[in-house]
Amino acid sequence: MGRKNKPAPWEEEEEIIWVSKSEMKRDMLALQTLGEALVKLKPAVLEKFPLDDNLLSAIIDAQRLKNEARRRQLQYVGKLMRSRDPEPIQAALDKLQNKHAQHSMALQKLEQLRDRIVDQGDSAISDALLQYPDADRQRLRQLARQAQKEQQQNKPPKAYREIFQYLKGFYDQNL
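Residues numbered from 1 in each chain as written. Predicted model: local features only at pLDDT ≥ 70, side-chain atom pairs only at ≥ 80, totals over all residues. Heavy atoms only, no water.

*Asks:* What is the right way to look at unusual backbone geometry in this model?
*Replies:* Backbone geometry at asparagine 67 places phi at a positive 55°, although glycine is not the residue there. Of note, asparagine 67 is situated in helix H4 (residues 67-82). In this structure, asparagine 154 is a non-glycine residue whose phi angle is positive, near 55°. Residue position: asparagine 154 is located in the loop between helix H7 (137-152) and helix H8 (158-174). Asparagine 154 gets classed as exposed once you look at its relative accessible area, which sits at 70%. (Helix = DSSP H or I, 4+ residues; strand = E, 2+ residues; numbered from the N terminus. Buried < 20%, exposed > 50% of the residue type's maximum accessible area, 1.4 Å probe, protein only.)

Given below as structure tokens:
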């Protein structure tokens, strides 16, 4: 009978990593939260994610369910997520959210450019033409004058909005 639970001197000892029950619960909740974020996405967007068929169908089912059934389905999605590597899924979700943030930042810059066009006139129009060479200088000048008149006369900002839509059309072409 030799040794009892003692490794031989030539055997390497394995390092045992103890994980508390609370830490395991936190990890499971994080996976369930990731699953909830996936459920909020549209099916066309979900198809671009690295999901297997079981997980994808569970997410689609959760999207159509309501109340208690949805809660249980979300728990099931979290359970399915435990047997998969969440890193690529989280990376794809982060990339998608960053893309939305970049798009909204670009729209804010367009709004600032529009404000400068209305306030400064030709110098800002020149800057806009550097960014969007296909834009029409005369059209931008005309819209800027109309927007200034509307502001002075306290009329609804029709031309002001039209400048933004005009610039946004060129922005969308560049995507």
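Now that the structure is up, let's keep going.
*Asks:* It is not clear to me how the environment of phenylalanine 170 should be interpreted in this structure. Could you clarify?
*Replies:* Its place among the elements puts phenylalanine 170 in helix H8. Residue classification places phenylalanine 170 among the buried positions, given a relative accessible area of 12%. For the pair phenylalanine 170 and aspartate 85, spaced 85 residues apart in sequence, the C-alpha to C-alpha distance is 40 Å. When neighbours within four sequence positions are excluded, phenylalanine 170 is seen to be in contact with Tyr132, Asp134 and Ala135. (Contact = heavy atoms within 4.5 Å.)

*Asks:* How should I be thinking about the confidence of the model for the chain in this particular structure?
*Replies:* Reading fine detail from the predicted coordinates is not recommended where pLDDT is low. Scored by pLDDT, the chain has a mean of 81; 91% of the residues are at 70 or more. Within the chain, helix H2 (residues 43-46) has the poorest average pLDDT of any element, 78, and H7 the best, 87. (pLDDT = per-residue confidence, 0-100.)

*Asks:* Help me out: how do you make sense of the environment of lysine 40 in this one?
*Replies:* Relative to the helices and strands, lysine 40 resides in the loop between helix H1 (21-39) and H2. When the C-alpha atoms of lysine 40 and isoleucine 17 are compared, they prove to be 35 Å apart, with 23 residues separating the residues in sequence.

*Asks:* Would you take a moment to explain the packing of aromatic side chains for this structure?
*Replies:* Here the distance between the centres and the angle between the planes together describe a pair of aromatic rings. Scanning all chains against the criterion turns up one aromatic pair. Here the aromatic rings of tyrosine 166 and phenylalanine 170 are separated by 5.0 Å at their centres, their planes lie at 85°, and the arrangement is edge-to-face. Taken together, the residues span about one helical turn, with tyrosine 166 and phenylalanine 170 both in helix H8 at a distance of four residues. Above the plane of the ring of tyrosine 160 lies arginine 114, whose end atom (NZ or CZ) is 4.0 Å from the centre. (Phe/Tyr/Trp six-rings, centres within 6.5 Å; stacked < 30°, edge-to-face > 60°. Lys NZ or Arg CZ within 6 Å of the ring centre and 35° of its normal.)

*Asks:* What is the right way to look at the pattern of salt bridges in this model?
*Replies:* A side chain of one charge can pair with a side chain of the opposite charge when the charged atoms of the two come close. One pass over the full model with this rule turns up eight salt bridges. Its salt-bridge partner being glutamate 68, residue arginine 71 comes within 2.4 Å of it at the nearest N-O pair. In this pair, arginine 71 and glutamate 68 are both assigned in helix H4, three residues apart and thus about one turn of the helix distant. For glutamate 68, a relative accessible area of 39% translates into the label partly exposed. For arginine 72, the salt bridge is made with glutamate 68, and the minimal N-O distance between the two is 4.0 Å. A residue pair is termed a helical-turn pair when its members lie 3 or 4 positions apart in one helix, as arginine 72 and glutamate 68 do in helix H4 at four residues. The exposure class of arginine 72 is partly exposed, given its relative accessible area of 47%. Connected via shared salt-bridge partners are Glu68, Arg71 and Arg72. (Salt bridge = Lys/Arg side-chain N within 4 Å of Asp/Glu carboxyl O.)

*Asks:* I tried to follow the side chain of glutamate 150 on my own but got confused; where do I start?
*Replies:* Counting through the fold element by element, glutamate 150 comes out in helix H7. Buried and unpaired, glutamate 150 has lysine 158 as its nearest opposite-charge partner, separated by 6.9 Å. Once you skip the residues sitting within four places of it in the chain, glutamate 150 turns out to touch Lys155, Pro156, Pro157, Lys158, Ala159 and Tyr160. (Lys, Arg positive; Asp, Glu negative; His and termini not counted.)

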